Amino acid sequence: MDESPRGGSREEAEAPEQPEGPGAGRRSDADDHWGVDAAIGAASVAARTAGGVAGAVGGSGAGRAVGSAARWITRPLSRQGEDVRARIEDQAAPAAQEVLRQVTPGVARAVDINAILSEVDVDLLLDRIDVNRVVDRVDVGRVVAKVDVDALVSRVGVQALIDRVDVGALIARVDLNGLLASVDLQALLDRIDLNALLASVDLQALLDRIDLNGLLASVDLQALLDRIDLNALLASVDLQALLDRIDLDALLASVDLDAVLAGVDVNAMVQRIDTDALVANTELGSLVARSTSGVASEALDALRSQGVGLDSVIMRVVNRALRRDLAALPPGPPHLTGPPLALPAPNLELDRAPEGHEDEGVAS
Amino acid sequence: MTATEPRGPTDAVSLQGHYAGPVTRLLGYVVDQSLVVALFAAGTALVVWGVSLVTSREVHWSVSAWVTAAAFVVWQFSYYAYPWAVSGRTPGMALVGIRVVTAEGDPAAPRHAALRAFALPLTFLTLGIGFLPILLGRHHRALHDLVGGTTVVYSWDARAARWRFLARQQDAGVAHPV
(Lines give C-alpha, C1' and ligand atoms only; values in the text may rest on other atoms or scores of the structure.)
Protein backbone atom coordinates (compact mmCIF):
# COMPACT_ATOMS: atom_id res chain seq x y z
CA MET A 1 0.00 0.00 0.00
CA ASP A 2 1.17 3.52 -0.83
CA GLU A 3 1.62 5.33 2.38
CA SER A 4 2.75 8.63 0.95
CA PRO A 5 1.12 11.78 2.30
CA ARG A 6 -0.85 12.05 -0.96
CA GLY A 7 -1.81 8.36 -0.80
CA GLY A 8 -4.92 8.39 0.96
CA SER A 9 -6.16 5.65 3.24
CA ARG A 10 -3.94 6.09 6.33
CA GLU A 11 -4.08 9.78 6.11
CA GLU A 12 -7.74 9.63 5.62
CA ALA A 13 -8.08 7.19 8.46
CA GLU A 14 -6.25 9.54 10.77
CA ALA A 15 -8.02 12.58 9.46
CA PRO A 16 -10.78 14.04 11.55
CA GLU A 17 -14.20 12.87 10.80
CA GLN A 18 -15.64 14.52 7.71
CA PRO A 19 -19.29 14.39 6.94
CA GLU A 20 -18.94 14.41 3.15
CA GLY A 21 -16.41 13.86 0.27
CA PRO A 22 -14.60 10.95 -1.25
CA GLY A 23 -12.28 10.53 1.77
CA ALA A 24 -15.19 9.47 3.91
CA GLY A 25 -16.14 6.69 1.44
CA ARG A 26 -12.60 5.26 1.36
CA ARG A 27 -12.33 5.10 5.11
CA SER A 28 -15.58 3.20 5.22
CA ASP A 29 -14.28 0.70 2.58
CA ALA A 30 -11.07 0.11 4.61
CA ASP A 31 -13.12 -0.61 7.68
CA ASP A 32 -15.27 -3.06 5.78
CA HIS A 33 -12.39 -5.02 4.06
CA TRP A 34 -9.72 -5.02 6.68
CA GLY A 35 -9.56 -8.84 6.61
CA VAL A 36 -9.04 -9.10 2.88
CA ASP A 37 -6.41 -6.41 2.97
CA ALA A 38 -4.60 -8.20 5.77
CA ALA A 39 -4.57 -11.49 3.79
CA ILE A 40 -3.29 -9.81 0.64
CA GLY A 41 -0.61 -8.11 2.65
CA ALA A 42 0.50 -11.42 4.19
CA ALA A 43 0.59 -13.12 0.79
CA SER A 44 2.65 -10.30 -0.57
CA VAL A 45 5.15 -10.62 2.23
CA ALA A 46 5.32 -14.43 1.72
CA ALA A 47 5.79 -14.08 -2.03
CA ARG A 48 8.66 -11.64 -1.61
CA THR A 49 10.24 -13.99 0.97
CA ALA A 50 9.82 -17.03 -1.29
CA GLY A 51 11.23 -15.17 -4.21
CA GLY A 52 14.26 -14.22 -2.23
CA VAL A 53 14.79 -17.80 -1.04
CA ALA A 54 14.29 -19.22 -4.54
CA GLY A 55 16.69 -16.75 -5.97
CA ALA A 56 19.30 -17.61 -3.45
CA VAL A 57 18.80 -21.37 -3.92
CA GLY A 58 18.42 -21.35 -7.70
CA GLY A 59 21.54 -19.36 -8.26
CA SER A 60 23.74 -22.15 -6.85
CA GLY A 61 25.03 -25.18 -8.76
CA ALA A 62 23.05 -27.57 -6.65
CA GLY A 63 19.97 -25.65 -7.20
CA ARG A 64 20.42 -25.73 -10.97
CA ALA A 65 20.93 -29.53 -10.85
CA VAL A 66 17.82 -30.02 -8.78
CA GLY A 67 15.89 -27.83 -11.18
CA SER A 68 16.93 -29.82 -14.22
CA ALA A 69 16.00 -33.06 -12.51
CA ALA A 70 12.64 -31.69 -11.53
CA ARG A 71 11.88 -30.60 -15.14
CA TRP A 72 12.77 -34.13 -16.42
CA ILE A 73 10.63 -35.84 -13.78
CA THR A 74 7.59 -33.52 -14.30
CA ARG A 75 7.71 -33.62 -18.12
CA PRO A 76 4.59 -35.91 -18.45
CA LEU A 77 2.73 -33.71 -16.03
CA SER A 78 3.77 -30.69 -17.96
CA ARG A 79 2.46 -32.19 -21.20
CA GLN A 80 -0.87 -33.07 -19.60
CA GLY A 81 -1.13 -29.59 -18.11
CA GLU A 82 -0.40 -28.05 -21.49
CA ASP A 83 -3.26 -30.00 -23.04
CA VAL A 84 -5.60 -28.93 -20.28
CA ARG A 85 -4.59 -25.28 -20.75
CA ALA A 86 -5.19 -25.55 -24.47
CA ARG A 87 -8.66 -27.01 -23.92
CA ILE A 88 -9.40 -24.28 -21.44
CA GLU A 89 -8.35 -21.68 -23.95
CA ASP A 90 -10.57 -23.28 -26.60
CA GLN A 91 -13.63 -23.84 -24.45
CA ALA A 92 -13.43 -21.31 -21.69
CA ALA A 93 -13.06 -18.26 -23.90
CA PRO A 94 -16.55 -18.52 -25.46
CA ALA A 95 -18.03 -19.24 -22.07
CA ALA A 96 -16.21 -16.30 -20.58
CA GLN A 97 -17.35 -14.13 -23.39
CA GLU A 98 -20.92 -15.23 -22.83
CA VAL A 99 -20.60 -14.52 -19.15
CA LEU A 100 -19.16 -11.09 -19.86
CA ARG A 101 -21.90 -10.38 -22.41
CA GLN A 102 -24.55 -11.10 -19.81
CA VAL A 103 -22.78 -9.41 -16.98
CA THR A 104 -21.54 -6.28 -18.74
CA PRO A 105 -24.93 -4.48 -19.08
CA GLY A 106 -25.56 -4.95 -15.40
CA VAL A 107 -22.10 -3.78 -14.52
CA ALA A 108 -22.42 -0.84 -16.83
CA ARG A 109 -25.68 0.12 -15.21
CA ALA A 110 -24.14 -0.25 -11.81
CA VAL A 111 -21.14 1.87 -12.61
CA ASP A 112 -21.60 5.62 -12.28
CA ILE A 113 -19.37 6.81 -15.11
CA ASN A 114 -19.86 10.40 -14.14
CA ALA A 115 -18.71 9.70 -10.61
CA ILE A 116 -15.65 7.87 -11.91
CA LEU A 117 -14.78 10.63 -14.34
CA SER A 118 -15.26 13.23 -11.64
CA GLU A 119 -12.60 11.41 -9.67
CA VAL A 120 -10.10 11.75 -12.52
CA ASP A 121 -7.78 14.76 -12.31
CA VAL A 122 -7.79 15.51 -16.07
CA ASP A 123 -5.24 18.30 -15.77
CA LEU A 124 -2.83 16.04 -13.96
CA LEU A 125 -3.43 13.37 -16.59
CA LEU A 126 -2.76 15.77 -19.44
CA ASP A 127 0.34 17.11 -17.72
CA ARG A 128 1.75 13.64 -17.81
CA ILE A 129 1.21 13.33 -21.55
CA ASP A 130 4.05 14.51 -23.81
CA VAL A 131 1.91 15.89 -26.61
CA ASN A 132 4.88 16.59 -28.85
CA ARG A 133 5.95 13.01 -28.75
CA VAL A 134 2.41 11.92 -29.50
CA VAL A 135 2.23 14.28 -32.46
CA ASP A 136 5.65 13.17 -33.68
CA ARG A 137 4.41 9.64 -33.78
CA VAL A 138 1.46 10.60 -35.97
CA ASP A 139 2.03 10.20 -39.71
CA VAL A 140 0.18 13.34 -40.74
CA GLY A 141 0.68 12.60 -44.42
CA ARG A 142 -1.12 9.30 -44.17
CA VAL A 143 -3.90 10.87 -42.14
CA VAL A 144 -4.39 13.62 -44.67
CA ALA A 145 -4.21 11.16 -47.55
CA LYS A 146 -7.13 9.31 -46.06
CA VAL A 147 -9.24 12.47 -45.87
CA ASP A 148 -11.63 13.11 -48.77
CA VAL A 149 -10.94 16.80 -49.05
CA ASP A 150 -13.54 17.35 -51.74
CA ALA A 151 -16.27 15.84 -49.66
CA LEU A 152 -15.08 17.81 -46.67
CA VAL A 153 -15.06 21.08 -48.59
CA SER A 154 -18.45 20.38 -50.12
CA ARG A 155 -19.87 20.17 -46.62
CA VAL A 156 -18.51 23.60 -45.72
CA GLY A 157 -20.89 26.55 -46.06
CA VAL A 158 -18.43 28.83 -47.78
CA GLN A 159 -20.84 31.74 -48.04
CA ALA A 160 -21.71 31.55 -44.36
CA LEU A 161 -18.04 31.33 -43.59
CA ILE A 162 -17.29 34.39 -45.64
CA ASP A 163 -20.21 36.26 -44.07
CA ARG A 164 -18.68 35.66 -40.69
CA VAL A 165 -15.36 37.08 -41.74
CA ASP A 166 -14.75 40.76 -40.97
CA VAL A 167 -13.07 41.57 -44.24
CA GLY A 168 -12.39 45.17 -43.23
CA ALA A 169 -10.57 44.15 -40.08
CA LEU A 170 -8.75 41.49 -42.06
CA ILE A 171 -7.55 44.00 -44.64
CA ALA A 172 -6.68 46.51 -41.93
CA ARG A 173 -4.29 43.94 -40.49
CA VAL A 174 -2.54 43.57 -43.83
CA ASP A 175 0.50 45.77 -44.43
CA LEU A 176 -0.23 46.52 -48.06
CA ASN A 177 2.76 48.82 -48.41
CA GLY A 178 5.09 46.18 -47.15
CA LEU A 179 3.36 43.61 -49.29
CA LEU A 180 3.66 45.73 -52.42
CA ALA A 181 7.23 46.69 -51.58
CA SER A 182 8.14 43.08 -51.64
CA VAL A 183 6.56 42.55 -55.04
CA ASP A 184 8.76 42.87 -58.12
CA LEU A 185 6.18 44.63 -60.24
CA GLN A 186 8.48 44.90 -63.22
CA ALA A 187 9.04 41.16 -63.26
CA LEU A 188 5.32 40.67 -62.81
CA LEU A 189 4.50 42.93 -65.74
CA ASP A 190 7.16 41.31 -67.89
CA ARG A 191 5.35 38.06 -67.45
CA ILE A 192 2.04 39.53 -68.62
CA ASP A 193 1.24 39.52 -72.33
CA LEU A 194 -0.66 42.79 -72.39
CA ASN A 195 -1.49 42.46 -76.06
CA ALA A 196 -3.11 39.13 -75.55
CA LEU A 197 -4.84 40.44 -72.45
CA LEU A 198 -6.25 43.46 -74.22
CA ALA A 199 -7.18 41.43 -77.28
CA SER A 200 -9.45 39.36 -75.10
CA VAL A 201 -11.21 42.45 -73.68
CA ASP A 202 -14.44 43.63 -75.31
CA LEU A 203 -13.63 47.31 -75.11
CA GLN A 204 -16.91 48.34 -76.68
CA ALA A 205 -18.91 46.53 -74.04
CA LEU A 206 -16.66 48.01 -71.41
CA LEU A 207 -17.17 51.53 -72.72
CA ASP A 208 -20.92 50.99 -73.00
CA ARG A 209 -21.00 50.33 -69.28
CA ILE A 210 -19.19 53.56 -68.48
CA ASP A 211 -21.17 56.78 -67.95
CA LEU A 212 -18.67 59.06 -69.64
CA ASN A 213 -20.76 62.16 -68.98
CA GLY A 214 -20.93 61.44 -65.30
CA LEU A 215 -17.26 60.59 -65.29
CA LEU A 216 -16.29 63.82 -67.00
CA ALA A 217 -18.67 65.83 -64.81
CA SER A 218 -16.77 64.62 -61.79
CA VAL A 219 -13.42 65.68 -63.22
CA ASP A 220 -12.08 69.05 -62.11
CA LEU A 221 -10.78 70.14 -65.51
CA GLN A 222 -9.57 73.46 -64.17
CA ALA A 223 -7.37 71.78 -61.63
CA LEU A 224 -6.18 69.41 -64.33
CA LEU A 225 -5.31 72.26 -66.66
CA ASP A 226 -3.60 74.14 -63.86
CA ARG A 227 -1.23 71.23 -63.52
CA ILE A 228 -0.31 71.35 -67.19
CA ASP A 229 2.61 73.53 -68.25
CA LEU A 230 1.15 74.70 -71.54
CA ASN A 231 4.27 76.64 -72.42
CA ALA A 232 6.43 73.58 -72.14
CA LEU A 233 3.81 71.59 -74.03
CA LEU A 234 3.62 74.09 -76.87
CA ALA A 235 7.40 74.46 -76.96
CA SER A 236 7.64 70.80 -77.75
CA VAL A 237 5.21 71.09 -80.67
CA ASP A 238 6.65 71.52 -84.14
CA LEU A 239 4.15 74.09 -85.31
CA GLN A 240 5.70 74.36 -88.73
CA ALA A 241 5.29 70.67 -89.34
CA LEU A 242 1.77 70.91 -88.01
CA LEU A 243 0.92 73.76 -90.34
CA ASP A 244 2.48 71.97 -93.29
CA ARG A 245 0.02 69.15 -92.74
CA ILE A 246 -2.99 71.49 -92.75
CA ASP A 247 -4.76 72.22 -96.01
CA LEU A 248 -5.46 75.88 -95.38
CA ASP A 249 -7.42 76.26 -98.59
CA ALA A 250 -9.81 73.52 -97.60
CA LEU A 251 -9.98 74.92 -94.09
CA LEU A 252 -10.85 78.41 -95.31
CA ALA A 253 -13.33 77.03 -97.81
CA SER A 254 -15.22 75.43 -94.96
CA VAL A 255 -15.45 78.71 -93.02
CA ASP A 256 -18.71 80.61 -93.32
CA LEU A 257 -17.22 84.08 -93.61
CA ASP A 258 -20.65 85.68 -93.69
CA ALA A 259 -21.46 84.20 -90.32
CA VAL A 260 -18.09 85.31 -89.00
CA LEU A 261 -18.51 88.85 -90.27
CA ALA A 262 -22.07 88.96 -88.95
CA GLY A 263 -20.63 88.55 -85.49
CA VAL A 264 -18.13 91.37 -85.92
CA ASP A 265 -19.03 94.77 -84.54
CA VAL A 266 -17.81 96.79 -87.49
CA ASN A 267 -18.65 100.08 -85.82
CA ALA A 268 -16.54 99.23 -82.81
CA MET A 269 -13.75 98.17 -85.12
CA VAL A 270 -13.92 101.38 -87.12
CA GLN A 271 -13.83 103.43 -83.95
CA ARG A 272 -10.49 101.85 -83.15
CA ILE A 273 -9.02 103.17 -86.39
CA ASP A 274 -7.06 106.38 -86.04
CA THR A 275 -8.54 107.98 -89.15
CA ASP A 276 -6.75 111.25 -88.57
CA ALA A 277 -3.38 109.56 -88.60
CA LEU A 278 -4.46 107.60 -91.65
CA VAL A 279 -5.34 110.74 -93.61
CA ALA A 280 -2.42 112.78 -92.36
CA ASN A 281 0.29 110.20 -92.98
CA THR A 282 -0.80 108.24 -96.04
CA GLU A 283 -1.62 108.82 -99.69
CA LEU A 284 -5.24 108.93 -98.64
CA GLY A 285 -4.64 112.50 -97.52
CA SER A 286 -3.48 113.49 -101.00
CA LEU A 287 -6.50 111.84 -102.53
CA VAL A 288 -8.81 113.74 -100.20
CA ALA A 289 -7.03 116.99 -100.93
CA ARG A 290 -7.24 116.52 -104.70
CA SER A 291 -10.88 115.53 -104.60
CA THR A 292 -12.10 118.27 -102.26
CA SER A 293 -9.68 121.08 -102.74
CA GLY A 294 -11.20 124.41 -103.52
CA VAL A 295 -11.50 127.87 -102.21
CA ALA A 296 -15.18 127.44 -101.51
CA SER A 297 -14.82 124.44 -99.26
CA GLU A 298 -11.88 125.94 -97.47
CA ALA A 299 -13.77 129.21 -96.93
CA LEU A 300 -16.82 127.33 -95.77
CA ASP A 301 -14.84 125.34 -93.28
CA ALA A 302 -13.26 128.51 -92.03
CA LEU A 303 -16.61 130.27 -91.76
CA ARG A 304 -18.19 127.45 -89.82
CA SER A 305 -15.25 126.99 -87.53
CA GLN A 306 -15.11 130.71 -86.83
CA GLY A 307 -18.81 130.70 -86.01
CA VAL A 308 -18.41 127.83 -83.65
CA GLY A 309 -15.46 129.54 -82.02
CA LEU A 310 -17.43 132.72 -81.41
CA ASP A 311 -20.35 130.75 -80.04
CA SER A 312 -18.04 129.08 -77.63
CA VAL A 313 -16.58 132.31 -76.40
CA ILE A 314 -19.96 133.91 -75.88
CA MET A 315 -21.44 130.93 -74.10
CA ARG A 316 -18.42 130.68 -71.86
CA VAL A 317 -18.90 134.30 -70.79
CA VAL A 318 -22.61 133.86 -70.24
CA ASN A 319 -22.22 130.67 -68.26
CA ARG A 320 -19.54 132.25 -66.11
CA ALA A 321 -21.77 135.30 -65.48
CA LEU A 322 -24.66 133.06 -64.52
CA ARG A 323 -22.36 130.91 -62.35
CA ARG A 324 -23.43 127.73 -64.07
CA ASP A 325 -21.83 124.41 -63.49
CA LEU A 326 -20.56 123.62 -66.98
CA ALA A 327 -20.44 119.89 -66.30
CA ALA A 328 -24.12 119.89 -65.38
CA LEU A 329 -25.28 121.61 -68.58
CA PRO A 330 -26.73 119.41 -71.32
CA PRO A 331 -24.48 119.56 -74.40
CA GLY A 332 -27.30 118.80 -76.82
CA PRO A 333 -30.52 116.88 -77.39
CA PRO A 334 -30.41 113.50 -75.68
CA HIS A 335 -30.68 111.52 -78.89
CA LEU A 336 -27.67 113.24 -80.42
CA THR A 337 -25.17 113.57 -77.63
CA GLY A 338 -24.89 110.03 -76.38
CA PRO A 339 -22.14 108.42 -78.45
CA PRO A 340 -18.98 110.28 -79.36
CA LEU A 341 -18.30 112.54 -82.29
CA ALA A 342 -17.82 112.64 -86.01
CA LEU A 343 -18.91 109.09 -86.81
CA PRO A 344 -22.13 108.05 -88.46
CA ALA A 345 -24.82 106.80 -86.14
CA PRO A 346 -26.57 104.19 -88.27
CA ASN A 347 -28.88 102.92 -85.57
CA LEU A 348 -30.15 106.36 -84.70
CA GLU A 349 -30.00 108.88 -87.45
CA LEU A 350 -30.25 106.81 -90.59
CA ASP A 351 -33.11 104.76 -89.24
CA ARG A 352 -35.18 107.79 -88.28
CA ALA A 353 -34.30 110.36 -90.91
CA PRO A 354 -36.64 110.68 -93.86
CA GLU A 355 -35.26 110.89 -97.36
CA GLY A 356 -32.89 113.77 -97.81
CA HIS A 357 -31.80 113.87 -94.16
CA GLU A 358 -29.01 111.35 -94.37
CA ASP A 359 -26.95 113.26 -96.89
CA GLU A 360 -24.63 114.60 -94.24
CA GLY A 361 -24.00 112.18 -91.46
CA VAL A 362 -25.21 114.10 -88.51
CA ALA A 363 -22.59 113.55 -85.96
CA SER A 364 -23.84 112.35 -82.68
CA MET B 1 -20.50 123.73 -76.19
CA THR B 2 -20.12 123.71 -72.53
CA ALA B 3 -16.72 122.53 -71.52
CA THR B 4 -15.09 122.54 -74.93
CA GLU B 5 -13.74 125.60 -76.63
CA PRO B 6 -13.15 125.00 -80.35
CA ARG B 7 -10.33 126.85 -82.05
CA GLY B 8 -10.71 125.52 -85.57
CA PRO B 9 -12.08 122.69 -87.67
CA THR B 10 -10.14 120.13 -85.73
CA ASP B 11 -11.64 121.20 -82.45
CA ALA B 12 -15.15 121.73 -83.81
CA VAL B 13 -15.41 118.05 -84.55
CA SER B 14 -16.41 117.31 -81.00
CA LEU B 15 -19.36 119.71 -81.12
CA GLN B 16 -21.49 117.94 -83.70
CA GLY B 17 -25.01 117.39 -82.39
CA HIS B 18 -24.55 119.99 -79.66
CA TYR B 19 -26.79 122.99 -79.25
CA ALA B 20 -25.86 125.71 -81.77
CA GLY B 21 -24.66 129.00 -80.38
CA PRO B 22 -26.11 132.50 -81.01
CA VAL B 23 -23.47 133.70 -83.46
CA THR B 24 -23.85 130.77 -85.82
CA ARG B 25 -27.63 130.95 -85.66
CA LEU B 26 -27.65 134.70 -86.22
CA LEU B 27 -25.29 134.30 -89.16
CA GLY B 28 -27.54 131.66 -90.66
CA TYR B 29 -30.62 133.80 -90.11
CA VAL B 30 -28.99 136.79 -91.72
CA VAL B 31 -28.13 134.75 -94.79
CA ASP B 32 -31.62 133.30 -94.94
CA GLN B 33 -33.38 136.57 -94.45
CA SER B 34 -31.18 138.13 -97.12
CA LEU B 35 -32.13 135.36 -99.46
CA VAL B 36 -35.80 135.74 -98.56
CA VAL B 37 -35.77 139.44 -99.40
CA ALA B 38 -33.61 139.04 -102.44
CA LEU B 39 -35.60 136.19 -103.82
CA PHE B 40 -38.89 137.97 -103.12
CA ALA B 41 -37.65 141.04 -104.93
CA ALA B 42 -36.35 138.95 -107.76
CA GLY B 43 -39.63 137.13 -107.87
CA THR B 44 -41.71 140.28 -108.08
CA ALA B 45 -39.38 141.67 -110.71
CA LEU B 46 -39.69 138.44 -112.63
CA VAL B 47 -43.46 138.62 -112.45
CA VAL B 48 -43.50 142.22 -113.67
CA TRP B 49 -41.12 141.36 -116.48
CA GLY B 50 -43.21 138.40 -117.50
CA VAL B 51 -46.41 140.42 -117.54
CA SER B 52 -44.71 143.17 -119.55
CA LEU B 53 -43.45 140.60 -121.97
CA VAL B 54 -46.84 139.04 -122.42
CA THR B 55 -48.86 142.28 -122.61
CA SER B 56 -46.26 144.33 -124.51
CA ARG B 57 -46.89 147.15 -122.11
CA GLU B 58 -44.84 148.77 -119.42
CA VAL B 59 -46.09 147.35 -116.16
CA HIS B 60 -45.37 148.71 -112.68
CA TRP B 61 -45.83 146.94 -109.35
CA SER B 62 -48.73 148.91 -108.04
CA VAL B 63 -50.64 146.39 -105.95
CA SER B 64 -51.67 147.17 -102.41
CA ALA B 65 -49.01 147.15 -99.71
CA TRP B 66 -51.15 144.74 -97.73
CA VAL B 67 -51.19 142.31 -100.58
CA THR B 68 -47.48 142.68 -100.99
CA ALA B 69 -46.97 142.14 -97.26
CA ALA B 70 -49.21 139.12 -97.30
CA ALA B 71 -47.35 137.71 -100.26
CA PHE B 72 -44.07 138.33 -98.47
CA VAL B 73 -45.31 136.59 -95.34
CA VAL B 74 -46.46 133.61 -97.34
CA TRP B 75 -43.20 133.51 -99.18
CA GLN B 76 -41.19 133.75 -95.98
CA PHE B 77 -43.30 131.05 -94.35
CA SER B 78 -42.73 128.79 -97.34
CA TYR B 79 -39.04 129.58 -97.45
CA TYR B 80 -38.52 128.46 -93.89
CA ALA B 81 -41.15 125.77 -93.38
CA TYR B 82 -40.51 123.65 -96.41
CA PRO B 83 -36.72 123.22 -95.99
CA TRP B 84 -37.12 122.57 -92.29
CA ALA B 85 -39.71 119.89 -93.01
CA VAL B 86 -37.64 118.28 -95.74
CA SER B 87 -34.08 118.48 -94.52
CA GLY B 88 -34.17 120.44 -91.27
CA ARG B 89 -32.15 123.30 -92.71
CA THR B 90 -32.58 126.37 -94.78
CA PRO B 91 -29.90 127.49 -97.25
CA GLY B 92 -28.46 129.85 -94.66
CA MET B 93 -28.43 127.20 -92.00
CA ALA B 94 -26.79 124.78 -94.41
CA LEU B 95 -24.13 127.37 -95.11
CA VAL B 96 -23.17 127.78 -91.46
CA GLY B 97 -23.68 124.09 -90.64
CA ILE B 98 -26.67 123.96 -88.36
CA ARG B 99 -30.02 122.23 -88.56
CA VAL B 100 -33.40 122.08 -86.86
CA VAL B 101 -34.28 118.96 -84.90
CA THR B 102 -36.88 118.14 -82.30
CA ALA B 103 -36.17 118.83 -78.68
CA GLU B 104 -35.09 115.21 -78.28
CA GLY B 105 -32.79 115.33 -81.31
CA ASP B 106 -34.98 113.53 -83.84
CA PRO B 107 -35.55 114.93 -87.34
CA ALA B 108 -38.17 117.64 -87.40
CA ALA B 109 -41.53 116.64 -88.85
CA PRO B 110 -43.59 118.92 -91.12
CA ARG B 111 -45.75 119.79 -88.13
CA HIS B 112 -42.74 121.01 -86.18
CA ALA B 113 -41.49 122.94 -89.21
CA ALA B 114 -44.83 124.66 -89.77
CA LEU B 115 -45.26 125.67 -86.12
CA ARG B 116 -41.71 126.95 -85.96
CA ALA B 117 -42.08 128.98 -89.15
CA PHE B 118 -45.41 130.37 -87.93
CA ALA B 119 -43.95 131.38 -84.56
CA LEU B 120 -40.80 132.95 -85.96
CA PRO B 121 -42.46 136.38 -86.57
CA LEU B 122 -43.94 136.23 -83.07
CA THR B 123 -40.46 136.10 -81.63
CA PHE B 124 -39.73 139.39 -83.35
CA LEU B 125 -42.94 140.86 -82.03
CA THR B 126 -41.63 140.39 -78.46
CA LEU B 127 -39.02 143.01 -79.27
CA GLY B 128 -36.30 140.41 -79.30
CA ILE B 129 -37.04 139.05 -75.86
CA GLY B 130 -38.04 135.76 -77.48
CA PHE B 131 -34.47 135.31 -78.66
CA LEU B 132 -32.90 135.69 -75.21
CA PRO B 133 -33.31 131.99 -74.32
CA ILE B 134 -30.81 131.20 -77.09
CA LEU B 135 -28.24 133.02 -75.02
CA LEU B 136 -29.41 132.40 -71.50
CA GLY B 137 -31.39 129.13 -71.63
CA ARG B 138 -29.90 125.80 -70.71
CA HIS B 139 -31.19 124.31 -73.98
CA HIS B 140 -30.69 127.43 -76.13
CA ARG B 141 -34.24 127.36 -77.43
CA ALA B 142 -35.88 130.59 -78.69
CA LEU B 143 -39.61 131.31 -78.47
CA HIS B 144 -40.33 129.81 -81.87
CA ASP B 145 -38.37 126.72 -80.82
CA LEU B 146 -40.55 126.33 -77.75
CA VAL B 147 -43.69 126.73 -79.87
CA GLY B 148 -42.52 124.28 -82.51
CA GLY B 149 -40.98 121.79 -80.10
CA THR B 150 -37.63 122.15 -81.81
CA THR B 151 -34.05 123.19 -81.24
CA VAL B 152 -31.01 123.92 -83.39
CA VAL B 153 -27.78 121.92 -83.38
CA TYR B 154 -24.44 121.95 -85.17
CA SER B 155 -24.65 119.60 -88.11
CA TRP B 156 -22.00 120.27 -90.67
CA ASP B 157 -19.83 117.49 -91.96
CA ALA B 158 -17.05 118.04 -89.52
CA ARG B 159 -15.46 114.71 -90.36
CA ALA B 160 -14.95 115.72 -93.97
CA ALA B 161 -13.80 119.16 -92.86
CA ARG B 162 -11.37 117.53 -90.51
CA TRP B 163 -9.97 115.39 -93.30
CA ARG B 164 -9.80 118.31 -95.64
CA PHE B 165 -7.93 120.27 -93.03
CA LEU B 166 -5.44 117.45 -92.51
CA ALA B 167 -5.07 116.86 -96.23
CA ARG B 168 -4.36 120.50 -96.82
CA GLN B 169 -1.81 120.46 -94.06
CA GLN B 170 -0.17 117.41 -95.62
CA ASP B 171 -0.28 118.92 -99.09
CA ALA B 172 1.39 122.05 -97.77
CA GLY B 173 4.06 119.94 -96.13
CA VAL B 174 3.08 120.94 -92.65
CA ALA B 175 3.58 118.26 -90.07
CA HIS B 176 0.48 118.23 -87.94
CA PRO B 177 0.34 116.39 -84.67
CA VAL B 178 -2.57 114.03 -84.96
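See the structure above.
Residues numbered from 1 in each chain as written. Chains lettered and ligands numbered in written order. Predicted model: local features only at pLDDT ≥ 70, side-chain atom pairs only at ≥ 80, totals over all residues. Heavy atoms only, no water.

Re unusual backbone geometry
Under the convention used in this document: Helical segments are the DSSP runs of H or I of at least four residues, strand segments are the runs of E of at least two, and each set is numbered from the N terminus. The buried label goes to any residue with under 20% of its type's maximum accessible area, the exposed label to any with over 50%, and the partly exposed label to all in between, with areas taken from a 1.4 Å probe on protein chains only.
Although it is not a glycine, A:Arg323 adopts a positive phi angle of roughly 55°. Mapping A:Arg323 onto the fold places it in the loop between helix H26 (295–321) and helix H27 (346–352). Of note, B:His140 is a non-glycine position whose phi angle comes to about 55°, a positive value. Along the chain, B:His140 turns up in the loop between helix H6 (132–136) and helix H7 (143–148). For B:His140, a relative accessible area of 8% puts it in the buried group.

Side note on the pairing of strand S2 (residues 150–154) of chain B
Residue and element names in this part refer to chain B. Our working definition: Strand pairing is defined by DSSP finding a minimum of two bridges between the two strands.
Burial analysis of S2 places five of its five residues in the buried class, which makes it a mostly covered element. Neither face of S2 is left uncovered, since the one carrying Thr150, Val152 and Tyr154 and the one carrying Thr151 and Val153 both have all their residues buried. Sheet analysis places strand S1 (residues 98–102) next to S2, joined by five bridges and oriented antiparallel. Directly across from Val100, in S2, lies its bridge partner Val152.

With respect to the pattern of salt bridges
Residues and elements named next belong to chain B. Applied cut-off: Salt bridges are defined as contacts in which a side-chain nitrogen from Lys or Arg sits within 4 Å of a carboxyl oxygen from Asp or Glu.
In the structure shown here, the tally under the stated rule is four salt bridges over all chains. The salt bridge partner of Arg25 is Asp145, with a shortest N-O separation of 2.8 Å. Taken together, the residues span a long stretch of sequence, with Arg25 in helix H2 (residues 22–55) and Asp145 in helix H7 at a distance of 120 residues. Assigned by exposure class, Arg25 and Asp145 land together as buried. Overlapping salt bridges bring together Arg25, Arg116 and Asp145 as one network.

Quick notes on the nonpolar core
All names here are of chain B. Condition: What is meant by a nonpolar core is a set of buried Ala, Val, Leu, Ile, Met, Phe, Trp, Tyr and Cys residues, joined one to another through side-chain atoms within 4.5 Å.
Ranked by size, the top nonpolar core spans 20 residues in total, and within it Tyr80, Trp84, Met93, Ile98, Val100, Val152 and Tyr154 carry the most contacts. For this core, the elements supplying multiple residues, two or more each, are helix H3 (65–86), helix H4 (91–96), S1, helix H5 (110–125) and S2. Per element, the largest residue contribution to this core is four residues, and it comes from H3.

A short note on the packing of H3(B) against H5(B)
All names here are of chain B. Definition in use: Orientation is described by axes fitted as lines to C-alpha atoms, over the contacting stretch for helices, and by angles from 0 to 180 degrees between their N-to-C directions. Roughly parallel means an angle under 35 degrees; roughly antiparallel, over 145; roughly perpendicular, 65 to 115; everything else is oblique. Crossing handedness is read from the near helix: turned anticlockwise from the far helix by less than a right angle, it gives a left-handed crossing, and turned clockwise, a right-handed one. Throughout, a residue-residue contact means that at least one pair of heavy atoms, one from each residue, lies within 4.5 Å. For this scheme, ten residues count as nonpolar: Ala, Val, Leu, Ile, Met, Phe, Trp, Tyr, Cys and Pro. Four count as charged, namely Asp, Glu, Lys and Arg, and the remainder, Gly too, count as polar.
Where H3 meets H5, the axes come as close as 8 Å, and the angle between the chain directions of the two elements is 150°. Between H3 and H5, the interaxial angle falls into the category roughly antiparallel. Like other packed secondary-structure pairs, H3 and H5 cross with a definite hand, here right-handed. Across the interface between the two elements, Gln76, Phe77, Tyr80, Ala81, Trp84 and Ala85 of H3 pack against Pro110, Ala113, Ala114, Arg116, Ala117, Phe118, Leu120 and Pro121 of H5. The residue inventory of the contact of H3 with H5, partitioned by class, reads 12 nonpolar, one polar and one charged.

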